[in-house]
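Chains, contacts and geometry: an overview
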Amino acid sequence: MATLSALNKAVVAACLTAVTMGVSLDTHAENTTSSTHITGKFEYWPGTQYSQQIPTTEAVLGYQIGERISRHSDMVKYFEALAKAAPDRIKLFNYAETWEGRTLIYAVIGSKENIANLDSFAEKMQKLTSPDSISKSEAKSLISLLPSSVWLEHGVHGNEISSTDAAMQTAYHLLAAPQDPVNKTILENTLVFIDPLQNPDSRARFVSRYYSTVGLSPSDDRLSAEHNEPWPLGRSNHYLFDMNRDWLAITQPETAGRVKVINHYKPTVVIDLHEMGGDDSYFFVPAAQPINPHMQPDQLANNVLIGKNNAKHFDDFGFSYFTREVYDGFYPGYGDSWPTFYGASAATYEVASTRGEIFKTRTGEIRHYRDTVQRHFVAAISTAEATAVNREKILNDFFDYQVDAVEAGKKDKKERTFILPNTRDVAGTHRLATLMAQHGVKVQQATEAFKACGERYQAGAYIIDTAQPRGRFVKTTFTQQVDMPQAFIDEQERRRARKLRDEIYDVTGWSLPLMFNIDTARCGRSVEVESRIVTADDKLTQPFTNPDAKVAYLVPWGDMAAGRFLTAALQAGISLKSADEAFSMGDKHYPAGTLVIERHANESTLPGLMQTLAEQTGARIEGVDTSWVTKGPSFGSDKTIQMTAPKIAMAWDEPTSSLSAGNTRFVIEQQFNYPVTAIRADRLRWADLSQYQVLILPSGNYSRDLGKAGADNIGSWVSRGGVLITLSNATQWAASESAGLLDAKREYAYSEEKSKSSKDGSLVEGTHIESKEGLIDAIENDKDMPDSVAGVLANVEVDQEHWLTAGVNPSVVGMVYGNDIYAPVKLESGKNVAWFASKDNVLASGYLWEENKPQLAYKPFLIHQPHGRGMVISFTQEPTSRAYLDGLNVMFLNTIFRGAAHANPVR
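Now for a look at the structure at hand. (Residues numbered from 1 in each chain as written. Predicted model: local features only at pLDDT ≥ 70, side-chain atom pairs only at ≥ 80, totals over all residues. Heavy atoms only, no water.)

Another aspect to go through is the side chain of threonine 48. Topologically, threonine 48 is positioned in the loop between helix H1 (6–21) and helix H2 (57–61). One polar contact links the side chain of threonine 48 to the main-chain carbonyl oxygen of tryptophan 45, over a distance of 2.7 Å. (Helix = DSSP H or I, 4+ residues; strand = E, 2+ residues; numbered from the N terminus. Polar contact = N/O pair within 3.5 Å; in protein donor to acceptor, adjacent residues only side chain to side chain.)

Scanning the entire structure with this criterion turns up one disulfide. The disulfide bridge from cysteine 453 ends at cysteine 523, spanning 1.9 Å between sulfur atoms. Taking the sign of the torsion about the S-S bond as the criterion, the disulfide between cysteine 453 and cysteine 523, at about 75°, is right-handed. Of this pair, cysteine 453 sits in the loop between strand S14 (450–452) and strand S15 (455–457) while cysteine 523 sits in strand S17 (residues 521–523), and the two are 70 residues apart along the sequence. In this structure cysteine 453 comes out as partly exposed when scored by relative accessible area, which is 32%. (Disulfide = S-S within 2.5 Å. Buried < 20%, exposed > 50% of the residue type's maximum accessible area, 1.4 Å probe, protein only.)

Along the chain, arginine 416 turns up in the loop between helix H13 (391–411) and strand S12 (417–420). Looking at arginine 416, the relative accessible area reads 14%, which means it is buried. Among the polar contacts made by the side chain of arginine 416, one reaches the side chain of aspartate 465 at a distance of 2.8 Å. Setting aside its immediate chain neighbours within four residues, arginine 416 contacts Gly409, Lys410, Ile464, Asp465, Thr466, Ala467, Cys523, Gly524, Arg525 and Ser526. (Contact = heavy atoms within 4.5 Å.)

Here helix H3 (residues 72–85) contains 14 residues, and its C-alpha end-to-end distance of 20 Å stays within 8% of the 20 Å for a straight helix at 1.5 Å per residue. Along H3, the residues classified as buried are His72, Asp74, Met75, Val76, Tyr78, Phe79, Ala81, Leu82 and Ala83. The elements touched by buried residues of H3 are H2, strand S1 (90–97), strand S2 (103–109), helix H7 (162–176), strand S4 (190–195) and helix H9 (200–213). (Expected span 1.5 Å × (residues − 1).)

Right, let's get into the sheet that holds strand S25 (residues 621–624). The strand order across the open sheet built from six strands is S19-S25-S20-S24-S21-S26, with neighbouring strands paired in mixed fashion. The open sheet terminates on both sides in strands that have one partner only, identified here as strand S19 (544–545) and strand S26 (640–642). By the bridge criterion, three bridges tie strand S21 (residues 577–579) to S26 in an arrangement that is antiparallel. Residue pairing in the sheet places lysine 577 in a bridge with glutamine 642 of S26. Packing against the sheet, helix H18 (residues 560–571) makes contact with strand S20 (552–555), strand S24 (595–598) and S25, and its axis sits at approximately 40° to S24. Sheet strands touched by helix H25 (residues 889–902): S21 and S26. Its angle to S26, the strand with the most contacts, is close to 90°. (Pairing = 2+ DSSP bridges. Axes fitted to C-alpha atoms, helices over the stretch in contact; angles between N-to-C directions.)

Written out as structure tokens, the structure is:
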């Protein structure tokens, strides 16, 4: 046995003493230290003299910052102690609550004068973002008196741990050393907003699991359990969302609260502090290419000023760093890109993570947690200093951004105004309009009919004029195509030609009207019409006609209001049917999928219940006094199916993709308002699924975990009447020879050349290689997969004569990610219910490799295959990605609820 170190001997001795005295040995409970105790006082900013009036974490929590990984409760407790100690220099606020009930807070730190005038500061920043109501001279006068502001975002990914402890150190440093020259400059000229933990639920998951695996002392070995998180890791929140991608759709309460607060104060500099691989150094601005073309030169120039100041301090501390690599500024839905579209200068910082208390790099360097905390802390102070020193420039640039955004909108002769006609998918249009209002965009709803650019629109249409301060945000999220710089594209094509990996970091298409499948018109001039201002809290209401109907109530199918009505009605025990085909009653026409609620099949309380559901869901309801149908299936037809309330099971845990599982569960539970039972995937090999009518397999690699036993168990359940729904990579498994549940096959990359070889493969045809290009061709694999796609929006055509697509528009938009392309399923096996559009029309938005377009064209997006008394329904891509493909929600609803209704289990 190895000899114990002095420290470990002390730990053992303490443990033995505790046992003798009957003391609890919960060494990782609140307010205890771990075995990486920092000997002596670690100086985060050497030479600083700190006031004894401001409590340290040792005094409040029992450990030094960086000695252990602070829990959410520790962090809140410490900020409350700071606020109590210096109430005139720090204000603490709650801004949201997580799904699991944890409070999100932000702190504001500044001089006594600036903190006292915090409300006034917010009002004046709002004035600067309203250039139509303030002259340039008034703005200049305002700027001469206003402090600048920096918003520091920490811990959006819960396993990127160091930034939260750095936030605590930043707050302490500013409050306890106000006379330090750097701090004095900051406090007199800047308000420092600290959001110390954006994702408390995921941090709680990480910290709990980390300390449950630490032994006598932390390990620096990357192979150790403490450095290898179990599914679903600590990155994502309760619903397993990557919340750094949630700034467009704002689906999570954490994001919604944050957006509201930032829109209130409009901080001029926003920094999002992250972690990256443990073998790296530190990344800060300027960002990598591509840069979103709607970001402005002054914003980027301010980032360079901040980056240079960071470099100065990092050089002084001897910290390594890099810039302009990896982390780009193209996608507008990050925490560091979204603020740029109200005028802030914003950026991401990344520190090499220890993913615990100690980590050994590949070069043998031992890194401690406090080292990562210190780097983030230094970067935060440096950024605040640069913001303070450049106060007037940053504020002037901020105001100029607002003015220039308005002028840019006025000069736009193609897309000055976006109009949402609001005649199809009223619920989806309402959701998009109120979402834009939530972002801070001015949205109007016409209260009378009007004409614009030669087209007539009804009252109720929504109007968004880009001649407004948030006009560039409208442009980047509403225009169909935002192009990457040609030089960047050329470089990616060069890399592909060399068989090198491309440098596209995230999705390249994100047009909200396309993702929501909402009709949108564009007009090159302003629209003058009587209107009202839309707010984020506007409630959807649609007509409820003839509430005292004698025979039935009809809910036209095709939007999420009808979907929410369906799920609410099923859970309320209401008996209802759904028409497989469109039908007419006199001059009234109803789409396929329309819900039929007959009075004779329900209780006498039905009218009152219908009124309640109308108010709750916003669905359009029409009462009818006859069941006489003049065209299409009657209420009693076998083409008008009885809907049932299915029990839904979903595969969970390994090997599912946590993002796919979480996003899908969120869409069903929070957007469809219907419960889901999560079942650990390995149990599907033997579990009795007879109580479930629907089983959803999110994306994942199921071959190993399910195997033949899982395929047989699920296949037997399907044949008895179950509905199996597979998403993306799960469709690979269902279509594999070993599973045999779906008669669809993935395609290799298309190639006109066929290789020739001997029967045993030992010889190939002789060739001449005459150039470097020829060499590259010669090393091409015979059976390559298509080149992978980072994420584009693609046009999808929909079969209008299949019950699975009832109420779905003839054309929708889906996301294409990765390199899966499937051959169409044969008619003898099933039906290709939705497929990608032609090669010339398949790309809706983003950048798609040219050779992928013809191969993707007319290939299936949604497949239906009967299987005994049940069926398999497969999406070849993700329909629930980031929960922002709202335009696919009705299709996804159909797979669950209409699929269950069309299955024929033994009842």
